[in-house]
Amino acid sequence: MNLFASIKPDSDSSLVAHLYTDGGSRGNPGPAGCGGIIYDEQDQEIDRFHRFLGERTNNYAEYQGLIIGMKLALKRDVTDLVVYMDSKLAIEQMSGNWKVKHPQMRLLWQEAKALEEDFNSVDYQHVRREKNTVADELANLAMD
């Protein structure tokens, strides 16, 4: 059974959540990991995650953090998602402002764009690293 099966949210109820996610690698490529935390509108934690990704690039880890976080939000019945990342590249690509040229990144971008379809809305916000400390700590925990 897939724990992250995508199900379109019920349009009669809504749950807005905030996903803070981060990914990184020690070396590029190098040992990589991602992590994230999801809060509801009252800043109560809904869930968190961290995952070791093996030998990967930083951008791969950033996208994996986004994808895993989106799947987890769907599992928690989130209907509207605000995503906060310190990766300017991922935010601008997901927002449609920058093209995705790298073939492997394009596959990850397509997966994330497909997950968007399962939400009523997704808004992407770039944040500075110091505003994304919990997600950064979780990504580093995954790499440790």
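The structure reproduced in this document is the subject of the present report. (Residues numbered from 1 in each chain as written. Predicted model: local features only at pLDDT ≥ 70, side-chain atom pairs only at ≥ 80, totals over all residues. Heavy atoms only, no water.)

## Observations concerning the sheet that holds strand E2 (residues 30-40)
Argument step 1. Taking strand neighbours across the sheet as the criterion, the five strands line up as E3-E2-E1-E4-E5 in an open arrangement whose pairing is mixed. Of all the strands in the sheet, just strand E3 (45-56) and strand E5 (121-126) have a single pairing partner and so form its edges. Taken pair by pair, the neighbouring strands of this sheet meet at an average axis angle of 20°, ignoring direction.
Argument step 2. Where strand E1 (residues 16-25) and strand E4 (residues 80-85) come together, five bridges link them in parallel fashion. (Pairing = 2+ DSSP bridges. Helix = DSSP H or I, 4+ residues; strand = E, 2+ residues; numbered from the N terminus. Axes fitted to C-alpha atoms, helices over the stretch in contact; angles between N-to-C directions.)

## Some words on the nonpolar core
Side chains that are nonpolar tend, in soluble globular proteins, to be buried together.
Argument step 1. Residues Tyr-63, Leu-66, Met-70 and Leu-81 are the most contacted members of the largest nonpolar core, which totals 32 residues.
Argument step 2. Counting only elements with at least two residues in this core, the list comes to E1, E2, E3, helix H1 (58-75), E4, helix H2 (88-94) and helix H3 (103-116).
Argument step 3. Element by element, the count of residues in this core is highest for H1, at 10 residues.
Argument step 4. Once residues within four sequence positions are removed from consideration, Leu-81 is found in contact with Ala-17, Leu-19, Met-70, Ala-73, Phe-119, Ser-121, Val-122 and Asp-123. (Core = buried A, V, L, I, M, F, W, Y, C linked by side-chain atoms within 4.5 Å. Buried < 20%, exposed > 50% of the residue type's maximum accessible area, 1.4 Å probe, protein only. Contact = heavy atoms within 4.5 Å.)

## A closer look at unusual backbone geometry
Argument step 1. In the segment running from Asn-28 into Pro-29, the intervening peptide bond is cis, with an omega of 10°.
Argument step 2. Mapped onto the fold, Pro-29 is located in the loop between E1 and E2.
Argument step 3. The backbone of Asp-43 sits at a positive phi, close to 60°, despite the residue not being glycine.
Argument step 4. Structurally, the position occupied by Asp-43 is in the loop between E2 and E3.
Argument step 5. Despite not being glycine, Asp-77 has its phi angle at roughly 65°, a positive value.
Argument step 6. Along the polypeptide, Asp-77 turns up in the loop between H1 and E4.

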